[in-house]
Amino acid sequence: MNVFGTVKTSINTREAAERYGVEVNRHGKALCPFHNDRHPSLFVDDDHYHCFACGEHGDVIDFTSKLHGLSLYDAAKKLAYDFGITQDKPPDKAVQEKLNKKSEARRLRENEKLCFSALMEYYKLLQEWMILYAPKTPEETPHDRFIQACHHLSYVEYLVDLLVMGDSYERTEVIDMMMTDGKLKKLQTYLKKMKKEEKACERRKDFAR
Ligand SMILES: [Zn+2]
């Protein structure tokens, strides 16, 4: 039997998934590592896996190949080595390097958290400005911050809503958008600056007392 056959018949997909860091619950469900999964959509059986959300599907070799970004052949070799079927080390160092790299899905989840907290913070700030800087009389020239709040508040709210209630594709779209052209970084820097200004302002007020 070639390495594919040996691996397929002797290694359980669920065991392999768990060995490679995908936690499978007692119903055989897991958070899918192939899309930005929030509720366990991945079904892992003894001889195959299937994701009900993104449609990823295959056997233990497909799984390992996808997860680690390896060719099917390298994935089979890796499984054979990791499960003690052969003593041959997997083909090259790249295998280990890829293993060490965070999987795409995990990175996506981390980015999602960062996007959500920055957008949420910006949303609260704009809400505050909307009240704090609202013109007192119709004749008063509106404060820049009030204008900014008017322009951005509903859009930012929409993005936060998508992250909270959107499906995985909508969430991924928001995250992708925020990660393009350093938008997230810019927003984070901006929020930091605003916080500093606020603190300086408070200090000045304390001083005046
Ligand atoms: Zn999936």
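Per an unreviewed UniProt entry, the protein is named CHC2 zinc finger domain-containing protein, and its organism is Flavonifractor hominis.

## Overview of the overall build of the protein
Looking only at helices and strands, the protein has nine helices and four strands in total. The helix and strand sequence of the protein, counted from the amino end, reads α-α-β-β-β-β-α-α-α-α-α-α-α. Taking 17 Å as the expected radius of gyration for a compact globule of 209 residues, we find that the protein reaches 25 Å, considerably beyond that expectation. The burial tally for the protein puts 35% of its 209 residues in the buried class. Taking contacts inside the protein between residues at least 6 apart in sequence as the whole, the part at least 24 apart equals 54%. Accessible surface, the protein as shown: approximately 13400 Å² in total, 54% of it carbon and sulfur. The averaged location of the 34 negative side-chain charges in the protein is 7 Å from the averaged location of its 34 positive side-chain charges.

## A few points about the packing of helix α6 (residues 104–132) against helix α8 (residues 168–179)
Between α6 and α8, the shortest axis-to-axis distance is 10 Å and the interhelical angle comes to 75°. Put simply, α6 runs roughly perpendicular to α8. Here α6 contributes Leu 108, Asn 111, Glu 112, Cys 115 and Leu 119 to the contact with α8, which in turn contributes Arg 171, Thr 172, Val 174, Ile 175, Met 178 and Met 179. Taken together, the residues of the contact of α6 with α8 sort by class into seven nonpolar, two polar and two charged.

## Side note on the packing of aromatic side chains
Enumeration according to the criterion identifies seven aromatic pairs in this entry. Residues Tyr 122 and Tyr 190 carry aromatic rings whose centres are separated by 6.1 Å and whose planes lie at 90° to one another, so their mutual orientation is edge-to-face. Note that Tyr 122 is positioned in helix α6 and Tyr 190 in helix α9 (residues 183–208), a separation of 68 residues in sequence. On the accessibility criterion, Tyr 122 (7% relative accessible area) is buried.

Cut-offs and rules
- Residues numbered from 1 in each chain as written.
- Predicted model: local features only at pLDDT ≥ 70, side-chain atom pairs only at ≥ 80, totals over all residues.
- Heavy atoms only, no water.
- Helix = DSSP H or I, 4+ residues; strand = E, 2+ residues; numbered from the N terminus.
- Rg over C-alpha atoms; globule rule 2.2 N^0.38 Å.
- Buried < 20%, exposed > 50% of the residue type's maximum accessible area, 1.4 Å probe, protein only.
- Contact = heavy atoms within 4.5 Å.
- Areas by Shrake-Rupley, 256 points an atom, 1.4 Å probe, with all protein chains shown as cover.
- Lys, Arg positive; Asp, Glu negative; His and termini not counted.
- Charge placed at Lys NZ, Arg CZ, Asp CG, Glu CD.
- Axes fitted to C-alpha atoms, helices over the stretch in contact; angles between N-to-C directions.
- Parallel < 35°, antiparallel > 145°, perpendicular 65-115°, else oblique.
- Nonpolar A, V, L, I, M, F, W, Y, C, P; charged D, E, K, R; others polar.
- Phe/Tyr/Trp six-rings, centres within 6.5 Å; stacked < 30°, edge-to-face > 60°.

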